[in-house]
Amino acid sequence: MIESDISLSTTIPAPAAKMVHIETWGCQMNAADSERMLALLAAQSYQLAPNAESADLVLLNTCHIREKAKHKVLSRLGVLKEIKERRPGMTIAVAGCVAQAEGSRLLKAAPQIDVLLGPGKIDELPRLLREHDASGKRAQAIGFHRHAPDPTPNLEAAPAVAPPTLTGKHEVSRYVNIQQGCNNYCTFCVVPFTRGRELSRPAAEILAESAALVAAGARELTLLGQNVNSYGSDLTTKPSFASLLRSVAALPGLERLRFTTSNPHDFTEELAELFATQPRLGRYLHLPVQSGSDSMLLRMQRKVTVASYLERIDWLRRALPDIALSTDLIVGFPGETDAEFADTMRLVEQVRFGFAFMFKYSPRKNTPAARYANQVEEKVKEDRLAQLMRLQDRITTEIHAAEIGLVRPVLFHYESSKNPGQYYGRTDHFRLVRVTSAYPLTGQVHQVRISSGNKVGLIGDLVD
Ligand code: SF4
């Protein structure tokens, strides 16, 4: 899963009986969860508030992936406590992975929390709020749902009307959660502890939500899960992820269908071949490798070797020779030697990723790697990260330079708020493109001739 440190404040002003303000930290899964909670609240007549100060309900959807995650949440809760003292009727709810991981410790440290719920319990938010409103007592739901062997699709959970967006704006690109949790237990990762084991949503629910989003104007959908390639393996009918992709890709009006995150261990040749037959999948895939060294991959418990990872790249390039790839890389994992780090550098040179999310390893509570004895010195990690970033920047810049003069179809996502008339979109290869236009482009696909590029993205001119 692609992680980021972004904090999204969600607001649209509208008079209503109850107002909610949502703050979202972390990955796309959390952003999608926030939209889901917003949809549930909208069904209870909540409207988005312009800020926390004017909200009846403030909802923090938290992320545990970074260091000091709890610290950040407590600091924000301190500010909310002061607001609540001025507005005694205000409800404070904490959701997400910090709520799940810290549970009672968080409640003890922050008595101002009224409602606490883990990421596996977001559908219980309306019930928890009702309980809290009725009793004035704190309400909480932590833990993970397990569905019955044959879950009945909950089509109410996927309303015919598209759920509101976090920004309150009409969005071209929307997320659809297809799965919660992960069964892989990579030794560095907290996800199985905060989101539980894999739990797939029935395909009918996913299709209904996708259709509603497209009907509301979304042109691009991203199917989200921690390990989308194993989608359906926990359902009794065992629908394959490839079959789900084919069904969603067939929705009329959809321009592009993306998915993330793909664990290479579960990535099949059938999935790779879909890129040749389903043009809506575009020409891009994020396939996290983490390291280019077999011994590291073994200690990370990634269940792949460098050779099996490269085999998957071969499948993809056979299906679509110019497919663009991105990846995640960790440097300084416990015990990583200079030679093992050099293996990672070699793999990056060999595959030539379009871009990569690169991290220094940092220990996460409860994970096996945090207990490994041979932790790498901070200075060594920093040096390795800097080397790797230099290499990846060079490759990205070269790939972008090779685009100059080419004409690419670009789906435009938004107009710059700082520079009106500048529109940003993405090519089939997921490369960011900026174009200046006197006419609105958002939501449209146009042919663009690339005129320049750097390590961040491309600039071009409309040719149609
Ligand atoms: S596949 Fe590994 S890294 Fe990804 S969510 Fe699961 S445990 Fe974490």
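Rules behind the numbers
- Residues numbered from 1 in each chain as written.
- Predicted model: local features only at pLDDT ≥ 70, side-chain atom pairs only at ≥ 80, totals over all residues.
- Heavy atoms only, no water.
- Near = heavy atom within 4 Å.
- Nonpolar A, V, L, I, M, F, W, Y, C, P; charged D, E, K, R; others polar.
- Buried < 20%, exposed > 50% of the residue type's maximum accessible area, 1.4 Å probe, protein only.
- Helix = DSSP H or I, 4+ residues; strand = E, 2+ residues; numbered from the N terminus.
- Pairing = 2+ DSSP bridges.
- Right-handed = clockwise from strand over helix to strand, strands pointing away.
- Domains from an automatic or database assignment.
- Axes fitted to C-alpha atoms, helices over the stretch in contact; angles between N-to-C directions.
- Contact = heavy atoms within 4.5 Å.
- Polar contact = N/O pair within 3.5 Å; in protein donor to acceptor, adjacent residues only side chain to side chain.
- Salt bridge = Lys/Arg side-chain N within 4 Å of Asp/Glu carboxyl O.
- Expected span 1.5 Å × (residues − 1).
- Arc of directions from axis to C-beta.
- Parallel < 35°, antiparallel > 145°, perpendicular 65-115°, else oblique.
- Left-handed = near helix turned anticlockwise from the far one by under 90°.
- Phe/Tyr/Trp six-rings, centres within 6.5 Å; stacked < 30°, edge-to-face > 60°.

A. Representation of the site of the ligand in the model. Neighbouring the ligand are Cys182, Asn184, Tyr185, Cys186, Phe188, Cys189, Val191, Pro192, Gln226, Asn263 and Arg302. Looking at the shell around the ligand residue by residue, the classes come out as seven nonpolar, three polar and one charged.

B. Structural view of the pairing of strand β5 (residues 91-96). Extensive coverage of β5 is indicated by the burial of six of its six residues. Burial along β5 is two-sided: Thr91, Ala93 and Ala95 and Ile92, Val94 and Gly96, pointing in opposite directions, are all buried. As defined by bridge partners, strand β4 (residues 57-62) adjoins β5 across six bridges and the pair is classed as parallel. Looking across to β5, one finds that Asn61 is bridged to Ala95. In the sheet, β5 pairs with strand β6 (residues 115-117) via two bridges, with the strands oriented parallel. By the bridge assignment for β6, Ala93 is matched with Val115. For the crossover that starts at β5, traverses helix α3 (residues 97-109) and ends in the parallel β6, the hand is right-handed.

C. View of the domain arrangement of the chain. According to the domain assignment, the chain consists of domain 1 (7-141) and domain 2 (407-462). Computed over C-alpha atoms only, the centres of domain 1 and domain 2 are separated by 36 Å.

D. Local environment of the sheet that holds strand β14 (residues 324-331). Strand order across the open sheet formed by three strands is β13-β14-β15, with parallel pairing between neighbours. The sheet is open, and its two edges are formed by β13 (284-286) and β15 (355-360), each paired on a single side. The average angle at which neighbouring strand axes cross in this sheet is 10°, direction not considered. One ladder, built from three bridges, connects β13 with β14; its direction is parallel. Bridge pairing in β14 links His286 to Ser326.

E. Highlighting the sheet that holds strand β12 (residues 256-260). Ordered in space as β8-β11-β12, the three strands form an open sheet in which the pairing is parallel. The open sheet has two free edges, formed respectively by β8 (173-177) and β12, since each of these has just one partner strand. Looking at each pair of strands side by side, their axes are set apart by 25° on average, direction ignored. The sheet contact formed by β8 and strand β11 (residues 220-224) spans five bridges and is parallel. In the sheet register, Ser173 faces β11, and the bridge partner there is Glu220. Contacts from helix α1 (residues 28-42) reach β8, β11 and β12 within the one sheet, and its direction differs from that of β8 by about 90°.

F. Spotlight on the side chain of Asn184. Tracing the backbone shows Asn184 in the loop between β9 (179-180) and α5 (191-194). Within the local environment of Asn184, its side chain forms a polar contact with the side chain of Lys303, the two groups lying 2.8 Å apart.

G. Broad picture of the pattern of salt bridges. Inspection of every chain in the model, using the stated rule, returns 35 salt bridges. In this structure, the salt-bridge partner of Arg87 is Asp56, at a minimum N-O distance of 3.9 Å. Note that Arg87 is positioned in the loop between α2 (69-86) and β5 and Asp56 in the loop between β3 (46-48) and β4, a separation of 31 residues in sequence. You can call Arg87 partly exposed: its relative accessible area is 28%. Arg312 is the partner of Glu311 in a salt bridge, and the nearest nitrogen-oxygen pair spans 3.6 Å. In the salt-bridge network here, residues are joined through shared partners; they are Lys121, Glu124, Arg127 and Glu131.

H. Broad picture of helix α11 (residues 338-351). Taking 1.5 Å of rise per residue, the 14 residues of α11 would be expected to cover 20 Å, and the 20 Å separating its terminal C-alpha atoms lies within 8% of that figure. Taken together, the buried positions of α11 are occupied by Glu340, Phe341, Thr344, Met345, Leu347, Val348 and Val351. Along the axis of α11, the buried residues cluster in a sector spanning 160°; they form a single face. For α11, the exposed residues set more than 90 degrees away from the buried face come down to Asp338, Ala339, Arg346 and Gln350. Packing partners of the buried residues in α11 comprise α9 (294-300), α10 (306-319), β14 and α12 (378-401). Positioned one or two residues after α11, Arg352 has a phi angle of 55°, which is positive.

I. Spotlight on the packing of helix α8 (residues 269-277) against α10. Look at α8 against α10: their axes get within 7 Å of each other, and the N-to-C directions meet at 25°. One element, α8, and the other, α10, form an angle in the roughly parallel class. By crossing handedness, the relation of α8 to α10 is classed as right-handed. Here Glu269, Ala272, Glu273, Phe275 and Ala276 of α8 come into contact with α10, specifically with Trp315, Leu316, Arg318 and Ala319. By residue class, the composition of the contact of α8 with α10 is six nonpolar, no polar and three charged.

J. Examining α12 more closely. Across its 24 residues, α12 extends 34 Å between first and last C-alpha, which sits within 8% of the 34 Å expected from 1.5 Å per residue. The complete set of buried residues in α12 reads Lys381, Arg384, Leu385, Leu388, Leu391, Gln392, Ile395, Thr396, Ile399 and His400. Summarising the contacts, the buried residues of α12 are in contact with β14, α11, β15 and β20 (458-462).

K. Region of the structure containing the packing of aromatic side chains. Under the criterion given, the structure shown has eleven aromatic pairs. Taking 5.2 Å as the distance between ring centres and 75° as the angle between the ring planes, the aromatic pair formed by Phe333 and Tyr361 counts as edge-to-face. One end of the pair, Phe333, is in the loop between β14 and α11; the other, Tyr361, is in the loop between β15 and α12, with 28 residues separating them in the sequence. Judged by relative accessible area, Phe333 falls into the buried class, the value being 0%. Here a set of aromatic residues connected by ring pairs shows up, and it is made of Phe188, Phe333, Tyr361 and Tyr372.

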